[in-house]
Amino acid sequence: MNSWFLQRPGLIYETFPAKGKTEEDDMKQAGRSDIRPFEVMEAFREAELVAAAGQDVVHLSLGQPGQTAPRPVLDYLSTLINTAPLGYTDARGMMQLRERIAQFYHERYGLEIPVSRIFVTVGSSAAFVMTMLAAFDEGASIAIGRPCYPAYPNIMKACSLNPMFLDTDAAQNFQPSWEMLAPVKGGVKGMVIASPSNPAGTMMPEGDLETLATQCEAEGIRLISDEIYHGVTYGKEATSVLKYSDSAFVMNSFSKYFLLPGWRLGWAVVPQSLTRAFESLLQNFFISPPAISQYAALKVFDHLDALDKVVESYDANRDVLIKGLQEAGLTKLSTADGAFYIYADISDFSRDSKDFCRRMLHEAGVCAVPGNDFDESRGHDYVRFSFSGELADIERAVERLHHWLKQ
Ligand SMILES: Cc1ncc(COP(=O)(O)O)c(C=O)c1O
């Protein structure tokens with residue numbers, strides 16, 4: 001607080017409750033901020049305490065790549081500090097980077113996306129918030145498959161929107177479909193999908209994506225496709241929803257395939273009619289995305305081969321983890337076609353995944369994440385295991401789990 005403010009007692013006084021009212025009346029928490037914390041972070045914090053007490057902990061909890069960006073990208077960045085103009089950039093992101101992203105759509109998907117529809121954002125997280133604000137009025141209901149990335153329904157609530165959950169399980173490969181949306185289509189204004197998904201790593205079949213995209217467009221339901229795990233797939237390429245719909249929003253990120261999670265950079269592809277609104281929101285909320293991160297992102301496009309090699313290493317980790325979990329007795333696993341997660345049904349061992357994870361941490365020295373974060377109603381039966389780390393750690397973890405669960 002600056003001294004000018006302190007010299008104006010009237011202003012300070014105005015922040016105290018008026019006579020006759022309690023402080024709670026005037027200064028209560030806004031209802032829309034009443035959202036759940038990330039259990040993932042809490043599991044992580046507990047693991048750090050256990051490690052600080054001297055126990056060796058293997059992490060299968062990480063939601064980020066275990067490897068850093070390719071060395072030439074990091075070397076280039078160290079020179080930038082002294083040479084590049086690192087002020088604010090255009091709120092939509094640097095033109096060079098937006099053009100490179102458009103080229104990427106051409107190279108990877110054979111799609112021609114006008115640069116005017118591409119917006120660089122502070123992680124895909126910011127792209128999602130902007131999308132909610134640009135596309136929906138307060139009170140709108142938005143469908144989303146569950147289990148899902150927990151920030152999405154939480155952000156919806158914080159934007160005064162109502163998440164409408166479409167519950168999926170192994171029978172639907174943890175992916176929603178038009179068949180699930182159709183019976184409630186009159187009540188929703190939008191739908192959020194993610195393929196590959198977090199926490200199950202499953203992918204929507206291309207035919208289902210096409211049906212969902214075309215039906216949503218025909219019914220005036222705004223589709224939001226989270227494509228953050230594109231590039232991180234095993235055996236089949238992911239298709240962008242942009243192939244089937246120009247009215248859908250796409251979220252993507254430099255945090256996963258591109259190995260730049262802490263640089264806080266992502267992008268959105270926005271329907272042409274909403275580009276002006278999206279830009280105004282970005283200008284007002286963020287001014288611009290971080291400049292140095294945009295240079296990093298531009299450079300990382302020169303090293304796509306190295307990124308693909310990292311995906312090959314996840315594939316090897318995935319095989320070891322699937323086999324190890326099955327041998328330990330956890331046989332009900334999601335297919336993990338992409339991303340770096342397996343969502344395991346632990347109900348043969350426990351109906352309380354928080355307790356299961358706590359015991360797994362303390363007794364076996366393995367940290368993974370309870371399903372409650374991803375699914376408030378059925379997550380107690382599930383645990384998310386991540387295989388984005390080192391192969392040696394995954395081997396150690398499965399050995400420990402085998403011993404622990406077979407006791
Ligand atoms: C499915 C999914 N979407 C979005 C995000 C947000 O990522 P970021 O803001 O780093 O782009 C994450 C992060 O883990 C995620 O798993």
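Residues numbered from 1 in each chain as written. Predicted model: local features only at pLDDT ≥ 70, side-chain atom pairs only at ≥ 80, totals over all residues.

1. Quick notes on the overall build of the chain
Link 1 in the chain: Within the chain, the regular secondary structure consists of 15 helices and 12 strands.
Link 2 in the chain: A globule of 407 residues ought to have a C-alpha radius of gyration of about 22 Å, and the chain, at 23 Å, matches this closely.
Link 3 in the chain: Projected onto its principal axes, the C-alpha positions of the chain cover 65 × 60 × 55 Å. (Helix = DSSP H or I, 4+ residues; strand = E, 2+ residues; numbered from the N terminus. Rg over C-alpha atoms; globule rule 2.2 N^0.38 Å.)

2. Observations regarding the pairing of strand E7 (residues 249-253)
Link 1 in the chain: Buried residues dominate E7, accounting for 5 of its 5 residues.
Link 2 in the chain: Because side chains alternate across E7, one face comprises the buried residues Phe 249, Met 251 and Ser 253, and the other comprises Val 250 and Asn 252, equally buried.
Link 3 in the chain: The pairing of strand E6 (residues 222-226) with E7 spans 3 bridges and is classified as parallel. If you follow Ile 224 over to E7, its bridge partner there is Phe 249.
Link 4 in the chain: The sheet contact formed by E7 and strand E8 (residues 266-269) spans 4 bridges and is antiparallel. Bridged to Met 251 within E8 is Ala 268. (Buried ≥ 20, exposed ≤ 12 C-beta atoms within 10 Å, placed from the backbone. Pairing = 2+ DSSP bridges.)

3. Describing the confidence of the model for the chain
Link 1 in the chain: Overall, the predicted model of the chain reaches an average pLDDT of 92, with 94% of residues at or above 70.
Link 2 in the chain: The low-confidence segment residues 1-18 (pLDDT under 50) makes 6 contacts with residues lying over four places distant or belonging to another chain. (pLDDT = per-residue confidence, 0-100. Contact = placed C-beta atoms within 7 Å.)

4. Quick look at the packing of helix H5 (residues 71-83) against helix H12 (residues 291-300)
Link 1 in the chain: Contact geometry for H5 and H12: axes closest at 10 Å, N-to-C directions at 145 degrees. When you trace H5 past H12, the crossing you get is right-handed. Mapping the contact onto sequence places Val 73, Tyr 76, Leu 77 and Leu 80 in H5 and Ile 292, Tyr 295, Ala 296, Lys 299 and Val 300 in H12.
Link 2 in the chain: Per-class residue counts for the contact of H5 with H12 are 8 nonpolar, no polar and 1 charged. (Axes fitted to C-alpha atoms, helices over the stretch in contact; angles between N-to-C directions. Left-handed = near helix turned anticlockwise from the far one by under 90°. Nonpolar A, V, L, I, M, F, W, Y, C, P; charged D, E, K, R; others polar.)

5. Notes on the sheet that holds strand E9 (residues 341-345)
Link 1 in the chain: Strand order in the open sheet formed by 3 strands is E9-E12-E11, with antiparallel pairing between adjacent strands. In this open sheet, the two edge strands, each paired with only one partner strand, are E9 and strand E11 (369-370).
Link 2 in the chain: Where E11 lies against strand E12 (residues 382-386), 2 bridges are found, and the strand directions are antiparallel. Across the sheet, residue Pro 370 finds its bridge partner in E12, namely Val 383.

6. So, the site of the ligand
Link 1 in the chain: Taken together, 13 residues sit near the ligand, with Gly 123, Ser 124, Ser 125, Ser 253 and Ser 255 positioned nearest.
Link 2 in the chain: Of the residues forming the shell around the ligand, the biggest block, 3 residues, is contributed by helix H7 (residues 123-135).
Link 3 in the chain: Residues belonging to the shell around the ligand are distributed by class as follows: 4 nonpolar, 8 polar and 1 charged. (Near = placed C-beta within 6 Å.)

7. Some points on the nonpolar core
Link 1 in the chain: Core analysis: the biggest nonpolar cluster contains 114 residues, and Ile 142, Met 191, Leu 223, Leu 260, Ala 268, Leu 325 and Phe 385 have the highest contact counts within it.
Link 2 in the chain: With 8 residues, H7 is the largest single contributor of residues to this core.
Link 3 in the chain: When residues of this core are assigned to domains, at least three fall in each of domain 1 (39-68 + 305-406) and domain 2 (71-303).
Link 4 in the chain: Those residues within four positions of Leu 223 in sequence are excluded, and the remaining contacts are Met 191, Ile 193, Leu 212, Ala 213, Cys 216, Val 241, Ser 245 and Ala 248. (Core = buried A, V, L, I, M, F, W, Y, C linked by C-beta atoms within 7 Å. Domains from an automatic or database assignment.)

8. Remarks on the domain arrangement of the chain
Link 1 in the chain: Under the domain assignment used here, the chain contains domain 1 (39-68 + 305-406) and domain 2 (71-303).
Link 2 in the chain: A C-alpha centroid distance of 26 Å is found between domain 1 and domain 2.
Link 3 in the chain: Listed as interface residues are 29 residues of domain 1 and, on the opposing side, 30 residues of domain 2.
Link 4 in the chain: For the side of domain 1 that touches domain 2, the elements supplying multiple residues, two or more each, are helix H13 (304-328) and E9.
Link 5 in the chain: Among the elements that line the side of domain 1 that touches domain 2, the one with the most residues is H13, at 8 residues.

9. Observations regarding the packing of helix H6 (residues 95-109) against H12
Link 1 in the chain: In contact at an axis separation of 10 Å, H6 and H12 are set at 35 degrees when each is read in the N-to-C sense. Crossing hand, H6 versus H12: left-handed. Across the interface between the two elements, Gln 96, Leu 97 and Arg 100 from H6 touch Gln 294, Ala 297 and Leu 298 from H12.

10. Digging into the sheet that holds strand E4 (residues 162-167)
Link 1 in the chain: Read across the sheet, 7 strands follow the order E2-E8-E7-E6-E5-E3-E4 without closing on themselves; strand pairing throughout is mixed. The open sheet has two edge strands, strand E2 (118-121) and E4, and neither has a second partner. Across this sheet, the average inter-strand angle for adjacent strands is 20 degrees, counted without regard to direction.

11. Concerning unusual backbone geometry
A negative phi angle characterises most non-glycine residues, just as the trans form characterises most peptide bonds.
Link 1 in the chain: That bond from Ser 195 to Pro 196 is cis: its omega, -5 degrees, falls within 30 degrees of zero.
Link 2 in the chain: Take Pro 196: it is sitting in the loop between strand E5 (190-194) and helix H10 (206-219).
Link 3 in the chain: The omega torsion across Asn 198 and Pro 199 is 20 degrees, close enough to zero to call that bond cis.
Link 4 in the chain: The backbone of Asn 173 shows a phi angle near 55 degrees, a positive value even though the residue is not glycine.

12. What about H5?
Link 1 in the chain: With 13 residues, H5 extends 19 Å from end C-alpha to end C-alpha; this agrees with the ideal 18 Å at 1.5 Å per step.
Link 2 in the chain: The buried fraction of H5 is low, at 1 of 13 residues. (Expected span 1.5 Å × (residues − 1).)

13. Side note on the environment of Ala 364
Link 1 in the chain: With respect to the helices and strands, the residue Ala 364 is situated in helix H14 (residues 353-364).
Link 2 in the chain: Put simply, Ala 364 and Val 57 are 307 residues apart on the chain and 8.3 Å apart in space, counted from C-alpha to C-alpha.
Link 3 in the chain: If we ignore the near neighbours within four places in the chain, the residues touching Ala 364 are Arg 400, Leu 401 and Trp 404.

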